[in-house]
Amino acid sequence: MAPRAPRNRTLTLSEDEREHFAARLLRPDGPLPPDRLRGRTIHADLLEIQAWLPESFADLVFLDPPYNLSKTYGARSFRRLPPKRYAAWVERWLPGIVRTLQPTASLYFCADWRTSPLVYPLLARHLIVRSRITWEREKGRGARRNWKNASEDIWFCTRSDDYTFNVDAVKLRRRVHAPYRSAEGEPKDWQHDEAGRFRLTHPSNLWTDLSVPFWSMPENTDHPAQKPEKLLARVILASSSPDDLVFDPFLGSGTTSVAARKLGRHYVGVEIDETYCCLAEKRLALADQDPRIQGYHDGMFWERGSQPRR
């Protein structure tokens, strides 16, 4: 591998770290009782261990499976399938994930524009679909003969009509460009402090304030589809409470577990690639030293570029 630039903060593993963190991984060989799962990174193929997962143990599930694209993930590759075969692949494991949900739990399912129409009817068959979130990916290549692909979807679902949604925990602090005042000259629905003029706005299903991890961010890894910690923080704060358990069946390099730990939730993740499992464990160790989440500060989500310097 070519040497990295001095300012490149992408997390890597030394051989000693790989050996150290690999020893922490849970490698199941039989049924997994709930007390064995909390705070664990499971190195396994989800399809092979799914029947060993307990029922109704998760308060929140975040699903970020491979999209229907030909892409390499560490030592493994996923090859694009005909749409019906991709939907059949999802249906192989989705009912088993639904089985792990508490009656009051929520589930978020990530998709791109191709897979989103395929997974919606599958989700609607098993869950109550509440909303489709679209979030802006500002990274990506331009296209000469098409619109640049700069967005992804997240389907928000619940198992029942009794579910957690903490709206005040996920309001966004936005700049005020037209500061209306009352007849008495007082700010109308906005505040003014040393950082400027801002108002807290209700969260919508269009998220334009996220930064995809890149080389200068300390959360960045070499995983090709890593989600931002800020995105997971929003999901976790909205749809879980402190000490709830957050489950990610396609953990990747650990963003869901890391955000859960930083926000006072329990976590468990399943990941087939050992290197990504070890990166997740390294990130969890670093989270104990620095619990900050870029874009989330003082209990508020900030627009991109507006967060105070720390």
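The notes below deal with the structure included here. Quantities reported herein were computed from a predicted structural model and do not represent experimental measurements.

With respect to the overall build of the protein
Tallying secondary structure elements over the protein gives eight helices and 15 strands in all. Taking 2.2 N^0.38 as the reference for a compact globule, 310 residues should give roughly 19 Å; the C-alpha atoms of the protein span a radius of gyration of 20 Å, in line with that estimate. The principal-axis extent of the C-alpha atoms belonging to the protein is close to 70 × 50 × 50 Å. When burial is assessed residue by residue, the protein has 49% of its 310 residues classed as buried. The contacts of the protein with a sequence gap of at least 6 include a subset with a gap of at least 24, amounting to 68%. Entry remark: accessible area of the protein is about 16,000 Å², with carbon and sulfur atoms responsible for 48%. Separation between the mean location of the 48 positive side-chain charges and that of the 40 negative ones in the protein comes to 7 Å.

Quick notes on the sheet that holds strand 7 (residues 151-158)
An order of 1-13-12-2-5-7-6-11 is seen for the eight strands of this open sheet, with the pairing classed as mixed. Strands at the two margins of the open sheet, each flanked by one partner only, are strand 1 (40-43) and strand 11 (206-207). Here strand 6 (residues 128-136) runs beside strand 11; their pairing, made up of two bridges, is parallel. Looking across to strand 11, one finds that Trp135 is bridged to Trp207. Along the sheet, helix 6 (residues 229-239) contacts strand 2 (58-63), strand 5 (101-111), strand 6, strand 7, strand 11 and strand 12 (245-248); its crossing angle with strand 2, the most-contacted strand, is approximately 150 degrees. Against the sheet, helix 8 (residues 274-289) engages strand 1 and strand 13 (266-271), with an angle of about 170 degrees to strand 1.

Examining helix 4 (residues 83-99)
The terminal C-alpha atoms of helix 4, which comprises 17 residues, lie 25 Å apart, in line with the 24 Å expected from a rise of 1.5 Å per residue. Of all the bends in helix 4, the greatest reaches close to 30 degrees and is centred on Trp93; the proline Pro95 follows between one and four positions later. Check the buried side of helix 4 and you find it contacts helix 3 (46-49), strand 2, strand 4 (76-78), strand 5, helix 5 (116-126) and strand 12.

Things to note about unusual backbone geometry
Phi at Ser56 takes a positive value of approximately 50 degrees, unusual for a residue other than glycine. Along the polypeptide, Ser56 turns up in the loop between helix 3 and strand 2. Ser56 sits in the partly exposed class, given a relative accessible area of 30%. In this model, Asp243 sits at a positive phi of 75 degrees, which is unusual for a non-glycine residue.

A short note on the environment of Tyr73
On the secondary structure map, Tyr73 appears in strand 3 (residues 71-73). Since its relative accessible area comes to 16%, Tyr73 is described here as buried. Tyr73 sits 37 residues away from Cys110 along the chain, and the two C-alpha atoms are 17 Å apart. Sequence-distant contacts of Tyr73, that is, excluding residues within four places in its chain, are made with Pro66, Tyr67, Phe78, His223, Pro224, Ala225, Asp273 and Tyr276.

Parameters at a glance
Residues numbered from 1 in each chain as written. Predicted model: local features only at pLDDT ≥ 70, side-chain atom pairs only at ≥ 80, totals over all residues. Heavy atoms only, no water. Helix = DSSP H or I, 4+ residues; strand = E, 2+ residues; numbered from the N terminus. Rg over C-alpha atoms; globule rule 2.2 N^0.38 Å. Buried < 20%, exposed > 50% of the residue type's maximum accessible area, 1.4 Å probe, protein only. Contact = heavy atoms within 4.5 Å. Areas by Shrake-Rupley, 256 points an atom, 1.4 Å probe, with all protein chains shown as cover. Lys, Arg positive; Asp, Glu negative; His and termini not counted. Charge placed at Lys NZ, Arg CZ, Asp CG, Glu CD. Pairing = 2+ DSSP bridges. Axes fitted to C-alpha atoms, helices over the stretch in contact; angles between N-to-C directions. Expected span 1.5 Å × (residues − 1). Bend = angle between axes of the 7 residues up to and from the residue.

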